[in-house]
Amino acid sequence: MAISELTISVEQCKDSAVNRVDWDNLPFGRVFTDHMFLMEYADGHWQDPKIMPFQDIPMHPAMSAIHYGQSIFEGLKAYKHEDGRLSIFRPDMNAKRFNESAIRMCMPEVPEALFVECIRKLVSIDSSWVPNKPGYSLYIRPFMFATDAWVGIKPSETYKFMILLSPVGNYYAEPVRVKIESYYTRAAQGGVGRAKAAGNYGASLYPAKQAQDHNFHQLVWTDAKEHKYIEESGTMNIVFQINDTLITPSEEQDTILRGITKRSIIELASSWGIAVEERKVSVEEVIQALRDGTMQDAFGAGTAATLAQIDIIGYKEEVFKLPAMEKRTLSNRIKEHLDALKIGKVEDTFGWNYFV
Ligand SMILES: *Cc1c(COP(=O)(O)O)cnc(C)c1O
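The model shown is predicted, which means the values in this text are computed figures rather than measured ones.

The rules we used
Residues numbered from 1 in each chain as written. Predicted model: local features only at pLDDT ≥ 70, side-chain atom pairs only at ≥ 80, totals over all residues. Heavy atoms only, no water. Helix = DSSP H or I, 4+ residues; strand = E, 2+ residues; numbered from the N terminus. Rg over C-alpha atoms; globule rule 2.2 N^0.38 Å. Buried < 20%, exposed > 50% of the residue type's maximum accessible area, 1.4 Å probe, protein only. Contact = heavy atoms within 4.5 Å. Areas by Shrake-Rupley, 256 points an atom, 1.4 Å probe, with all protein chains shown as cover. Lys, Arg positive; Asp, Glu negative; His and termini not counted. Charge placed at Lys NZ, Arg CZ, Asp CG, Glu CD. Patch = residues over 30% accessible without salt bridge, like charges linked within 9 Å, V, L, I, M, F, W, Y side chains within 5 Å. Salt bridge = Lys/Arg side-chain N within 4 Å of Asp/Glu carboxyl O. Axes fitted to C-alpha atoms, helices over the stretch in contact; angles between N-to-C directions. Parallel < 35°, antiparallel > 145°, perpendicular 65-115°, else oblique. Nonpolar A, V, L, I, M, F, W, Y, C, P; charged D, E, K, R; others polar. Pairing = 2+ DSSP bridges. Domains from an automatic or database assignment. Buried area = accessible area lost by both parts, 1.4 Å probe. Phe/Tyr/Trp six-rings, centres within 6.5 Å; stacked < 30°, edge-to-face > 60°. Lys NZ or Arg CZ within 6 Å of the ring centre and 35° of its normal.

### Focus on the overall build of the protein
In terms of helices and strands, the protein carries seven helices and 18 strands. What you see for the protein is a C-alpha radius of gyration of 21 Å, in line with the 21 Å of a compact globule of 356 residues. By its C-alpha atoms, the protein is 60 × 50 × 35 Å across when sized along the principal axes. Classification of the 356 residues of the protein by burial places 51% in the buried group. A separation threshold of at least 6 residues defines the contact pool for the protein, and within that pool the share at least 24 residues apart is 70%. Total accessible area computed for the protein in this model is approximately 16600 Å², and 51% of it derives from carbon and sulfur atoms. Here the protein contributes 39 positively and 47 negatively charged side chains, and the mean placements of these two sets differ by 2 Å.

### Here we look at a nonpolar patch on the surface
A surface patch of nonpolar side chains, amounting to about 330 Å² of accessible area, comprises Y68, V151 and I153. Note on Y68: relative accessible area 38%, which makes it partly exposed.

### Observations regarding the packing of helix α5 (residues 260-271) against helix α7 (residues 329-342)
α7 packs onto α5 with a crossing angle of 110 degrees between their chain directions and a minimal axis gap of 11 Å. Relative to α7, the element α5 is oriented roughly perpendicular. In this structure, α5 uses S264, I265, L268 and A269 to contact α7, whose residues at the interface are I334, H337 and L338. Among the residues making up the contact of α5 with α7, the classes are represented as five nonpolar, two polar and no charged.

### Focus on the pairing of strand β15 (residues 295-302)
Counting buried positions over the eight residues of β15 gives seven, a clear majority of the element. The pairing of β15 with strand β16 (residues 306-315) spans four bridges and is antiparallel. Considered in β16, the bridge of A301 is made with L307. Connecting β15 to the antiparallel partner β16 that follows it, the hairpin turn spans three residues.

### What to know about the domain arrangement of the protein
Here the domain parsing of the protein yields domain 1 (3-168) and domain 2 (176-342). Taking the mean C-alpha position of each, domain 1 and domain 2 sit 28 Å from one another. Tallying the contact residues gives 21 residues for domain 1 and 20 residues for domain 2. The contact between domain 1 and domain 2 buries some 1700 Å² in all, and 62% of this surface belongs to carbon and sulfur atoms.

### Focus: the pattern of salt bridges
When the charged atoms of two side chains with opposite charge come close together, those side chains can pair. Using the criterion set out here, one finds 24 salt bridges in the structure. Between E278 and R263 there is a salt bridge, with its nearest N and O atoms 2.8 Å apart. One end of the pair, E278, is in strand β14 (residues 275-279); the other, R263, is in helix α5, with 15 residues separating them in the sequence. Residue classification places E278 among the partly exposed positions, given a relative accessible area of 34%. One salt bridge in this structure joins D339 and K335, with 3.2 Å as the shortest N-O distance. Within this pair, D339 and its partner K335 are both found in helix α7, separated by four residues, close to a single helical turn. What makes D339 partly exposed here is its relative accessible area of 29%. Residue K335 is classed as partly exposed on the basis of its relative accessible area, which comes to 25%. One network of salt bridges, in which partners are shared, links E251, K262, R263 and E278.

### Overview of the packing of aromatic side chains
Scanning all chains against the criterion turns up 15 aromatic pairs. When the centroid spacing of 6.2 Å and the interplanar angle of 65 degrees are considered together, the rings of W46 and F161 count as edge-to-face. Note that W46 is positioned in strand β3 (residues 45-53) and F161 in strand β8 (residues 159-168), a separation of 115 residues in sequence. For the pair formed by W46 and F161, the shared burial category is buried. Summarising the aromatic geometry, the rings of F350 and W352 are spaced 4.1 Å apart at their centres and angled 10 degrees between planes, so their arrangement reads as stacked. In this structure W352 comes out as buried when scored by relative accessible area, which is 4%. One aromatic cluster in this structure is built from F37, Y41, W46, F98, F115, Y159 and F161. The cationic tip of R333 hangs over the ring face of W272; the distance from NZ or CZ to the ring centre is 3.5 Å. The ring of F89 carries the charged tip of K342 above its face, separated from the ring centre by 4.8 Å.

What follows is the structure, encoded as structure tokens:
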């Protein structure tokens, strides 16, 4: 059966939990909607896509994803517009990136149109869960994992592709304190840093915890070889503003996750005539700009927070404080514009909103 002939079956839940949600206390990623999506891969093709009541999934104890980590994910969001319409931000980009991750991890691809349609249909069924409070949205988590039930290291022949939905508030309320890492590594050249592969995140927890024990929120990762070049900030891409130019590590190296938020910020700022440089960014030039006061701004970019301004940068024994938030006119403008675009308050000239 061709993918285009796959029809998504729907089993409605009997008792919606949407009226039991405490919208004023919404911890990130802990509340899930009434339904979830599930599709299985076996005998060389995807089959039996279905939307069903949110529930636990049975698993064999030898399931290969648990033992050998063939597991990838995505993250994107749906928003409610003032006129009640729902839109998803650039899901086609997540579909592409998901398949790039799949290829790197020897997993089957999900046709892009099917990936987007599964999300669209699930969001439309759980549309009452998309919050319409300012700063709130519906977080969408597609993921795929290997399900072969035997202990042998080889690419699995069976997989599950699933999508969960979770209503969320603002991710980072306060400006972040980060530390430039000079020992631990997120990703090495030739590794899986470009893929949204589950193991990358498990491996980052220990170094991140060390930083948190020293009163930083997250790490700024540097290159694995010399720790001389900036790569990313936690699970976000990083952008600096030095001498009125936005500077961000280039994605040519396969150690950097190709963020859709960062790409959108670059496209938006460029359209405003702001100079943008995507290139190698050395720790040395960042420290120099912090010392001589030419560092106007630094922020993380990612779906969870859109744009998280950095307040403090630590490096070795020193800490540097960045300019006050009200002076960050460019990043404030970018964040406001992007947030407004996603809910239809400013015109979406780029065609980024995908309506449900
Ligand atoms: C997901 C992710 C990002 C941000 O990507 P977006 O598409 O903007 O959400 C950046 N870095 C890492 C390591 C990530 O996992």
